[in-house]
Amino acid sequence: MTWSEVIGQREAQERLKQMVREDRLPHALMLCGPMGAGKMALAIAFGCYLLSKRSDNSEYSDYSEYSEYSEHPMLKKLEHPDLHFTYPTIKLPSMSTDHKPVSDDFAKEWHELIMDGPYFTMEQWMQAMGGENQQAIITAGESDDLLRKLSLKSSQGGYKVSIIWLPERMNIECANKLLKLIEEPPQQTVFLMVCEEPDKLLETIRSRVQRIDIKKIDNESLAQALVDKRGISEEDARRISRLANGNWLSALEELQVGSENELFLDMYISLMRLAYQRKIKDLRKWSETMAGYGREKQKRWLTYFLKMCRENFMYNFHQEELVYMTQKEEDFAKNFARFINENNILAISELANRAIRDIGQNANAKIVFFDLALQMIVLLLQK
């Protein structure tokens with residue numbers, strides 16, 4: 001994978017290249033930032049960048065745009081023996097009770113996913129593994145497997161690159177083992193962590209890695225990518241890039257008819273209307289419908305719920321540049337926005353964040369969503 005496949009993020013790309021040019025590359029980097037910003041794309045491109053170095057440790061001219069790729073067909077297919085991926089996994093019914101799932105158990109599915117493109121969601125990964133109703137984690141077995149792989153000598157005589165996707169999903173046993181590995185890394189090993197919620201990582205791990213915060217993709221780069229990769233008009237690309245707010249995955253969703261966001265909007269509107277009308281029985285049915293979704297989808301809806309409450313709150317200020325909604329979302333906000341105000345916006349945000357936490361901890365989804373619905377009845381009265 002080359003730098004040209006990364007959408008935008010020129011500043012981050014240059015910073016990573018500069019570390020190598022100035023010979024100050026740390027053994028562990030953590031790329032942090034919002035979903036859809038291209039953290040995984042950057043990590044893979046940088047990993048290939050490091051592995052494209054000559055076996056005699058001399059550099060190619062400029063060491064930049066990968067004209068050397070013709071000499072590295074393994075990098076094109078992301079099958080280089082010194083490139084290792086670690087990612088959350090699930091336990092399938094076919095696995096023995098004492099087996100701790102590891103990345104290699106799903107290597108085929110992972111390779112198909114990343115070869116299709118480095119921009120993807122947890123839901124897509126869960127679908128690929130065949131476990132949409134489970135929660136994926138990185139087990140202690142993974143850290144043992146990674147230690148074994150990285151203890152081997154580099155097959156090409158250069159770097160060994162370990163890309164860890166969502167390290168915040170490591171269980172505590174795995175995190176402690178990985179900490180020891182980071183403290184005493186094998187020779188010429190570089191860890192590239194792709195993280196969305198760094199606060200969930202052990203402080204001892206965070207203190208031993210160099211963090212790079214990845215910004216949202218700039219609108220210009222996002223719009224140009226839509227034109228180049230999806231063939232839409234420049235005007236449509238500009239509109240979608242603004243709505244996507246720096247998120248390539250959101251931009252793709254906007255292109256899809258009947259996307260998940262339309263369902264999420266319907267569920268949001270339904271909740272608000274039923275809560276305003278105090279229809280308890282219908283709210284119970286609503287909560288049962290929400291409980292029927294997989295946990296990852298439930299958390300995505302709650303994130304959407306937070307976004308929509310924020311947008312409705314900002315709509316009250318009548319400043320167009322502050323609002324990021326589709327036409328359908330705005331049509332609902334015209335009459336509803338006044339119910340989301342300074343008297344309840346903080347309480348609503350706390351309520352949603354608590355629900356996200358509870359769902360993440362495997363709480364009963366029916367109870368979580370029914371509680372949220374009942375509390376919205378009270379909060380909407382606070383005008």
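Residues numbered from 1 in each chain as written. Predicted model: local features only at pLDDT ≥ 70, side-chain atom pairs only at ≥ 80, totals over all residues. Heavy atoms only, no water.

1. Some words on the overall build of the protein chain
No. 1: Each helix and strand in the protein chain was counted, giving 17 helices and 5 strands.
No. 2: Expected size for 383 residues packed as a compact globule is a radius of gyration near 21 Å; at 23 Å, the protein chain falls within 12% of this value.
No. 3: The C-alpha extent of the protein chain, read off along each of the three principal axes, is 70 × 55 × 35 Å.
No. 4: Looking at the protein chain alone, contacts between residues at least 24 apart form 73% of all its contacts between residues at least 6 apart.
No. 5: Accessible surface computed for the protein chain: about 18800 Å², of which carbon and sulfur atoms make up 48%.
No. 6: With 50 positive and 57 negative side-chain charges, the protein chain shows a spacing of 5 Å between the two charge centroids. (Helix = DSSP H or I, 4+ residues; strand = E, 2+ residues; numbered from the N terminus. Rg over C-alpha atoms; globule rule 2.2 N^0.38 Å. Contact = heavy atoms within 4.5 Å. Areas by Shrake-Rupley, 256 points an atom, 1.4 Å probe, with all protein chains shown as cover. Lys, Arg positive; Asp, Glu negative; His and termini not counted. Charge placed at Lys NZ, Arg CZ, Asp CG, Glu CD.)

2. Quick notes on the pattern of salt bridges
No. 1: A full pass over the atoms with the stated rule returns 23 salt bridges.
No. 2: Note that Lys 100 is salt-bridged to Glu 173, the shortest N-O span being 3.7 Å. Here the residue Lys 100 occupies a position in the loop between strand 2 (83–86) and helix 4 (107–116), and Glu 173 occupies one in helix 7 (residues 172–183), the gap between them amounting to 73 residues.
No. 3: A residue is classified by how much of its surface remains accessible, and Glu 173, at 38% relative accessible area, is partly exposed.
No. 4: Among the salt bridges present, the one from Asp 213 reaches Arg 211, with a minimum N-O distance of 2.7 Å.
No. 5: The class of Arg 211 is partly exposed, set by a relative accessible area of 40%.
No. 6: A cluster of three or more residues bridged by salt bridges with shared partners is formed by Lys 100, Asp 144, Glu 173 and Lys 177. (Salt bridge = Lys/Arg side-chain N within 4 Å of Asp/Glu carboxyl O. Buried < 20%, exposed > 50% of the residue type's maximum accessible area, 1.4 Å probe, protein only.)

3. Description of the packing of aromatic side chains
No. 1: Across all of its chains, the model carries 24 aromatic pairs by this definition.
No. 2: Seen in terms of ring centroids, Tyr 87 and Trp 110 are 4.1 Å apart; in terms of plane orientation they differ by 10 degrees. Their pairing is stacked. In this pair, Tyr 87 sits in the loop between strand 2 and helix 4 while Trp 110 sits in helix 4, placing the two residues 23 residues apart along the sequence. For the residue pair Tyr 87 and Trp 110, the accessibility class agrees, reading buried in each case.
No. 3: Taking 5.4 Å as the distance between ring centres and 35 degrees as the angle between the ring planes, the aromatic pair formed by Trp 301 and Phe 305 counts as tilted. With Trp 301 and Phe 305 both in helix 14 (residues 295–315) and 4 residues apart, this pair spans about one turn of that helix. (Phe/Tyr/Trp six-rings, centres within 6.5 Å; stacked < 30°, edge-to-face > 60°.)

4. Concerning unusual backbone geometry
No. 1: A positive phi angle, near 55 degrees, is found at Asn 245, a position not held by glycine.
No. 2: Mapping Asn 245 onto the fold places it in the loop between helix 10 (234–244) and helix 11 (248–255).
No. 3: A relative accessible area of 31% means that Asn 245 is categorised as partly exposed.
No. 4: Of note, the phi angle at Asn 362 is positive, near 65 degrees, even though the residue is not glycine.
No. 5: Positionally, Asn 362 belongs in the loop between helix 16 (345–360) and helix 17 (365–379).

5. Re helix 16
No. 1: For helix 16, built from 16 residues, the straight-helix expectation of 22 Å at 1.5 Å per residue is met to within 8% by its first-to-last C-alpha distance of 23 Å.
No. 2: Tucked inside the fold, the buried residues of helix 16 contact helix 14 and helix 17. (Expected span 1.5 Å × (residues − 1).)

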